[in-house]
Every structure is written in structure tokens, then in C-alpha cells.
Amino acid sequence: MAWTRGGSFRGSRGASFAQILKKNICAPPGLAVAYVSPAVSEVNKNLFDPACNTNCGGIRSKSIPQELIDRYKRGETHAVSALYQLSQVLQFQVELKETVTTGNIPGFYFAFCVVIDGVKYKTGMGINKKEARASAAQLALEDLLPTLDGDSLLPEALDGPPPLPVKESQSTGSEIHPRRTIYERQNPINEHVPQAVRELLSKLMDSYPEVSACRSTVAAFITQSPSGCEVVAIGTGNYNTKESATPNGRVLHDSHAVVTARRSLMRYLYRHLLLFFSKNRSLEEKSMFQQDKNTKLLSLKSNTTLHLYMNQMPKGAAQIPSNLRLNPLSISAWEVNNQISLHVTVEGKVFSVFSPTFDQAASRVVSMSASDKITQWQVLGFQGALLSHFTEPIYVSSILVGDVSCCDVRGMEIAVNQRVDGITPRLPMYYCVYRPHISLVPTACPEGGANTNAQWSHGINWSQGDVSLEVVDGLEGKTVEASPFKSGPALASRLCKAAMLSRFNLVAQEASRRDLLATVSYREAKMMAKPYQEAKSVLRSYLAQQGYGSWVAKPPVSDHFSM
């Protein structure tokens, strides 16, 4: 990826980025287009927000103590301190937010950006968080101070990619209080789901107080039926393994909360498949599934819907800036393009697939980001390849985000829905882009419970029917010794691939599927799900064609095992 002289974009990603911008960003009327890139044809080179006299994100015009600026320029005041001092003088809100790394920087770095009254400035990086914050503050001040000195930043002065256009937003109460979240209360599910998750978390933490520090990042699946809302699977965690790929299927590669919750959901689905195929009428009626008489595939009963709750925005594209009222030089188009691209996680850190800062050639295992996995599941279904032998794709009807730091869900809408616009006609039968209703809801996670040093990489999993919790070390990919539930001395998690293959074989036996029982490996059983594999191939090709990057697959060796 590169920018040619004069600011034009060289690469294949710009067209899809322009399409996203066309749907989400409207330049203010009456401002002329000074520059149009061939690849980013919808991005206006519009620089100034007419609502902001100083062109710096809504900062009020006041006299600036020159001594404050001079002290910073002489190196007597730290960049972060100078930024906060300016915020007090000028009465603007400033926030330092952790984000994803960008640029051609080798090695692992932390990344932060400054957000001033909703305007996101350039990303600063460092080998630790303190250094990254300082770098972000310096970059913001580089943009901010010239405007305070009265020097105009004209379009001709720009060197590099054109900045993004200003987005005019409608006046809402949240503009007066930028950090106040506005919840959608029209749908009762938006209140019932967080309440159900909160009650289950409290119950589990009361039963296992020793794992209360593992609840910082939570995801849960909830079923809704005439009898009400019920949490059926829950997971916490924020890491993926540092171990290399193994051929025995007994190491968890990804232990992020939503991935853990989804694998817990799969265990719950296997239980209900066993009920359905039990050949016992009363047990079959307790199953959440019904069967299509023609295809023999199962689907959720017509009165049952599935919902996903998360207490944080998932890592990756969903965390793009929600407010794109951008100012000159604050962030470049290619940076945002990186942010809406596919992402990978390495030991909990997030990188764009276009970034060279992760090394997938080494023995380290990388996983696709949680945002990208949710995007995939909303096309292929949350059931996965093995369960698709028995069921139609299973989608969630709504995604509820209880993140108190979020003001809207625009990033999720772009990541989950808009990136896969137009793919449905290419997919095989039963598969589609299922558009969930995405909304902000009250948090289900009480304050407190900060991770201790011993538990910072730990996560828990539970699904309905479990007698006890399992605690997994995300970096090791295995159950910890102190876990209430342990499958055996090898400490393989009940969520690992080998455990899933064992359940798959049990269901295949109950369903009298001899063709499936004849498979010799986990990979063969997955590849036999031909419609699923076709849909997966179409999805990944589509994402690459639209310029979001190539899906990073795990080494095949991780699937070449049998029971």
C-alpha cells in the first residue's frame, strides 16, 4: 500500500472504502471538492467544519496563554500534561483512547490516539502504553497548536493523502454530554437481555468468587422464547494463545470473550441435538430444534430467537471512530481504510492485515479479530462447519453492546453489515447476510473485579447444563490447575477442537449418520460440509475483492487429528 506523489492512492482497497464513506459520511453542502482521488472517488478534500471557528473539533475560541505553549515547545511540559492544560483553558473534552497500530513499523507496539470533542487525531505508537500516550499527545499538539497560533492550514499545504470530509451530525443530547450513552429502549429485549446476563454473572461470581477478576470482558448468547430470555452460553477473556499450532486439537487458539461464548454456545447446541435425536418423544420436545421434512436439516423452533450480548466493542473494525467530524491532518484516509480492513490478533494485540507489524511466518499463532469473526458468523452461521451437517445456518437476531464508553454502534454496523453488502446472491442455499439489529444497552457487568497479575490472561466459560465453570489461560490455551472444572490431567479445555469432534461423533451416532462416522479426521469432517465450505470460500474471496484484505487461516496441521 502506498500513496503516490500528489496524494493519489495506489492499491486495491480504495474503492470499497469509498463505498463505505458514501453511505456514512456526507460532506457539508456548499463546500467545494478540491481533490478527487481515482481510488477514493467519494472522499471530498473538504477540510473545514463551518461549525468550528478554530477548525479544531469544536474547540471554543478563547485567548491562549502563550507561556503554556512556550513551555511545551521548550520541553518543560510533558505533551500529555500540555494537552490537558489546554483542555482546561479552552474548555474542550480530551480523551486518550487505545487503538490499533498502523504504518510500516516492525515489532509489537501499543497504540493510542487523542480524541478532542469527538475528533480523533493521529495514532501514536510506543513500546509501552506510557510512550504511546505521549506520542499520541505530541501528534495531536502538532495539529492543534498551529491553529491556536492563528496560522491557516490550507489545502495546498497538505502533503500526502487527503483528509476525510467533515460529517455533519444531527443535534442530540449526546452532543451536550459527549460521554453520555443514549440507549434504545423501544425494544424490551434491550433491557431483558442485560438483566439476564447480569443475574447469571452475579450467580456465577457468588458461587466462584475466586474467578471474579475474569469478568472484565464478557460475551453471552441468550435465547428468547415465549417463556422469556435465558442465558445459554457465556465467555470471558481477551487473549489468544502464544503457543504454536499443534496437531492434536487440544489447545485453544483464541480465548477472546465472544469466541469463548460462541464455542460454549456450540456445546449447548450439541446438547439439544442429542435431545432431538434421542428417539424419546418427551426429550425431543425439550429440544430447541425442529426438522425440515424435505431437507431433514434442523433449525431453531419458530418461537425461538438467539441474541448476542457483549460488554465491549469487539476488537478490530468495529472499533473504528464513531464520530468522523474530522479536521485537517487529523487522520488520513488510508489510516481509516486500515481500520475497516480485516484484522488479526497476536497474543491479545490487534493489527490490520495490511500491517507488517505482525509475523505470521513464525511459530506464533494468529487469529482473526473478533469483529471479523462476527462478520463471518453472520454470513456462515454461528454453528460452524461440523454442526452444519445437521442444522441450517444459525444467526443471531440482535447484537447488544453494553459498553459504557460507546456513544453509537456505527462501527459495528459497518463491520458486520456493510462490508458484506451484495454477497447474498453468490452464496449457496440457506446462507445469506443476516442483518442483526445492533444497539447499545445498559452494561451487565458491575464495576470492580480488576484482574490480578495471576489472572490477567484468564477467562471463564459456561453453558446451560454445566455443573461448574471452566477457567482457561488464554495465552497457554489450556485449563488452569485451579479451575473448578478440569477435563483431565492434560488440562485440555472442554471447548477445544478435540472435545468438539467427540461431541460431533456422538451426535452422528445418535442421528445414524454413517457417512459422518466414517471420517478419519477433524479436517475431513469439516470439509465434508460442502455448502458451508462453499459459502466460506465465497465470503473470503468477496472480502479480498472488496479490498478488505486476505483472511489469515491457521496452519492446516491444527485440524489433522482424529479421536
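Within each chain, residue numbers correspond to sequence positions counted from 1 in written order. At least 70 in pLDDT is required for a residue's local features to be given in this predicted model, at least 80 for side-chain atom pairs to be given and counted, and no such filter applies to totals for whole chains, interfaces and linings, which use all residues. The side-chain values count all of the structure's non-hydrogen atoms but skip hydrogen atoms and water molecules.

Our next topic: the overall build of the protein. Think of it this way: any DSSP run of H or I at least four residues long counts as a helix, any run of E at least two long counts as a strand, and we number them from the N terminus. Regarding its fold elements, the protein presents 16 helices and 18 strands. Within the protein, buried positions represent 56% of all 563 residues. What makes two residues a contact is simply this: any of their non-hydrogen atoms within 4.5 Å. For the protein, the share of sequence-separated contacts (at least 6 apart) that also reach a separation of at least 24 residues comes to 69%. Summing over all exposed atoms, the protein offers an accessible surface of approximately 24000 Å²; the carbon and sulfur share of this is 50%. For the exposure calls, accessible area comes from a 1.4 Å probe over protein chains only, and a residue counts as buried if that area is under 20% of its type's maximum, exposed if over 50%, partly exposed in between. Exposure was quantified through the Shrake-Rupley algorithm and a 1.4 Å probe, taking into account, for residues, occlusion by the shown protein chains and nothing else.

Moving on, we get to the environment of Gln85. With respect to the element layout, Gln85 can be found in helix H3 (residues 79–90). Linking Gln85 and Leu68, residues 17 residues apart in sequence, is a C-alpha distance of 8.1 Å. Once you skip the residues sitting within four places of it in the chain, Gln85 turns out to touch Leu68, Arg71 and Thr77.

This part takes up the sheet that holds strand E18 (residues 478–479). Note on pairing: DSSP must find at least two bridges between two strands before they are called paired. The strand order across the open sheet formed by eight strands is E15-E14-E10-E6-E7-E16-E17-E18, and the pairing between neighbours is mixed. Each edge of the sheet is formed by a strand with only one pairing partner; in this case those strands are strand E15 (437–440) and E18. By the bridge criterion, six bridges tie strand E6 (residues 218–225) to strand E10 (residues 305–310) in an arrangement that is antiparallel. Counterpart to Ala220 in the pairing with E10 is Tyr309. On the sheet, helix H6 (residues 189–207) packs against E6, strand E7 (228–236), E10, strand E14 (398–401), E15 and strand E16 (458–463) and is oriented at approximately 55° with respect to E7. An axis is simply a line fitted to the C-alpha atoms; with a helix, the fit covers only the stretch in contact. Between two such axes, the angle follows the N-to-C directions and lies from 0 to 180 degrees.

Time to look at the side chain of Thr236. Positionally, Thr236 belongs in strand E7. For Thr236, a relative accessible area of 1% translates into the label buried. Under this definition, polar contacts are N or O atom pairs within 3.5 Å; protein pairs additionally need one hydrogen-donor-capable and one acceptor-capable atom, and for neighbouring residues in sequence, both atoms have to be side-chain atoms. Polar contacts involving the side chain of Thr236 include one to the main-chain amide nitrogen of Ile460, which spans 2.9 Å.

Moving on, we get to the packing of helix H7 (residues 257–276) against helix H13 (residues 497–510). Between H7 and H13, the shortest axis-to-axis distance is 10 Å and the interhelical angle comes to 15°. The angle between H7 and H13 places the two elements in the roughly parallel class. With respect to the hand of their crossing, H7 and H13 are arranged in left-handed fashion. For the pair H7 and H13, contact is made by Arg263, Met266, Arg267, Tyr270, Leu273 and Leu274 and by Lys497, Met500, Arg503, Phe504, Leu506, Val507 and Glu510, respectively. Taken together, the residues of the contact of H7 with H13 break down into eight nonpolar, no polar and five charged. Here roughly perpendicular refers to angles of 65 to 115 degrees, roughly parallel to angles under 35, roughly antiparallel to angles over 145, and oblique to all remaining angles. Here a crossing is taken to be left-handed if its near helix is turned anticlockwise relative to the far helix by less than a right angle, and right-handed if that turn runs clockwise. Think of it as three bins: nonpolar holds Ala, Val, Leu, Ile, Met, Phe, Trp, Tyr, Cys and Pro, charged holds Asp, Glu, Lys and Arg, and polar takes everything else, Gly as well.

This part is about the pairing of E15. Relative to E15, E14 runs parallel, the two sharing four bridges. Among the inter-strand pairings, Ile399 is bridged to a residue of E15, identified as Ile438. Taking the sense of rotation as the criterion, the β-α-β connection linking E14, helix H12 (residues 410–417) and E15 turns out right-handed. Whether a crossover is right-handed depends on one test, that the path from the first strand over the helix to the second runs clockwise when the strands point away from the viewer.

The span one expects for a helix is its residue count, reduced by one, times 1.5 Å. Compared with the 20 Å implied by 1.5 Å per residue over 14 residues, the 20 Å span of H13 between its first and last C-alpha is a close match. Among all positions of H13, only Lys497, Ala498, Ala499, Met500, Leu501, Phe504, Val507 and Ala508 are buried. Those residues of H13 hidden inside the fold are in contact with H7, helix H11 (384–387), helix H14 (514–517) and helix H15 (522–527). Directly after H13, the chain includes Ser512, whose backbone phi takes a positive value near 55°.

Pairing is antiparallel across the open sheet formed by three strands, whose spatial order is E12-E11-E13. On the outer flanks of this sheet lie strand E12 (349–352) and strand E13 (367–368), each paired with one strand and no other. Alignment of strand E11 (residues 343–346) against E12, held across four bridges, turns out to be antiparallel. When the bridges of E12 are listed, Val346 appears paired with Lys349.

Another aspect to go through is the layout of surface pockets. Only protein atoms enter the 1 Å grid used here. Points where a 1.4 Å probe fits but cannot escape make up a cavity, open sets with protein on both sides within 12 Å along at least five of seven lines make up a pocket, and a residue lines them when an atom lies within 4 Å of a point. Grid points are joined across faces, edges and corners, and a volume is the space filled by probe spheres set on the points. In this model, the second largest pocket occupies a volume close to 880 Å³. Lining of the second largest pocket is provided by 40 residues; of these, Lys497, Lys526, Arg540, Lys554 and Asp559 occupy positions nearest its centre. Looking at the lining of the second largest pocket, the elements with two or more residues in it are H7, E13, helix H10 (370–380), H11, H13, H15 and helix H16 (530–545). Broken down by element, the residue count for the lining of the second largest pocket peaks at five residues, all from H7.

The end-to-end C-alpha distance of H7 is 29 Å, a good match for the 28 Å that 20 residues give at a rise of 1.5 Å each. The element H7 is largely enclosed, with a buried count of 17 among its 20 residues.

Think of a salt bridge as a Lys or Arg side-chain nitrogen and an Asp or Glu carboxyl oxygen that are within 4 Å of each other. According to the stated counting rule, one finds eight salt bridges in the structure shown. As a salt-bridge pair, Arg271 and Asp466 come within 2.4 Å of each other at their nearest N and O atoms. One end of the pair, Arg271, is in helix H7; the other, Asp466, is in the loop between E16 and strand E17 (470–473), with 195 residues separating them in the sequence. For Arg271, a relative accessible area of 28% translates into the label partly exposed. Salt-bridge contacts for Arg419 lead to Asp372; the nearest nitrogen and oxygen are separated by 2.8 Å. Residue Arg419 is found in the loop between H12 and E15, and its partner Asp372 is found in helix H10; the two are separated by 47 residues along the sequence. The residues Arg419 and Asp372 share a single accessibility class, namely buried.

In this description, a pair of aromatic rings is defined by centroid distance and the angle of the planes. Stacked, edge-to-face and tilted are the three classes for Phe, Tyr and Trp ring pairs, Trp counted by its six-membered ring, which pair at centre distances within 6.5 Å; planes under 30 degrees apart are stacked, over 60 edge-to-face, the rest tilted. Scanning all chains against the criterion turns up seven aromatic pairs. Relative to Phe382, the ring of Phe221 has its centre 5.5 Å away and its plane inclined at 75°; by these criteria the two rings are edge-to-face. Placement of the pair is Phe221 in strand E6 and Phe382 in the loop between H10 and H11, with a sequence separation of 161 residues. Of the two residues, Phe221 and Phe382, neither departs from the other in class, the shared state being buried. Between Phe276 and Phe277, the aromatic rings sit 5.3 Å apart at their centres with planes inclined by 90°, giving edge-to-face as the arrangement.

Distances and angles like these do not, on their own, reveal function.
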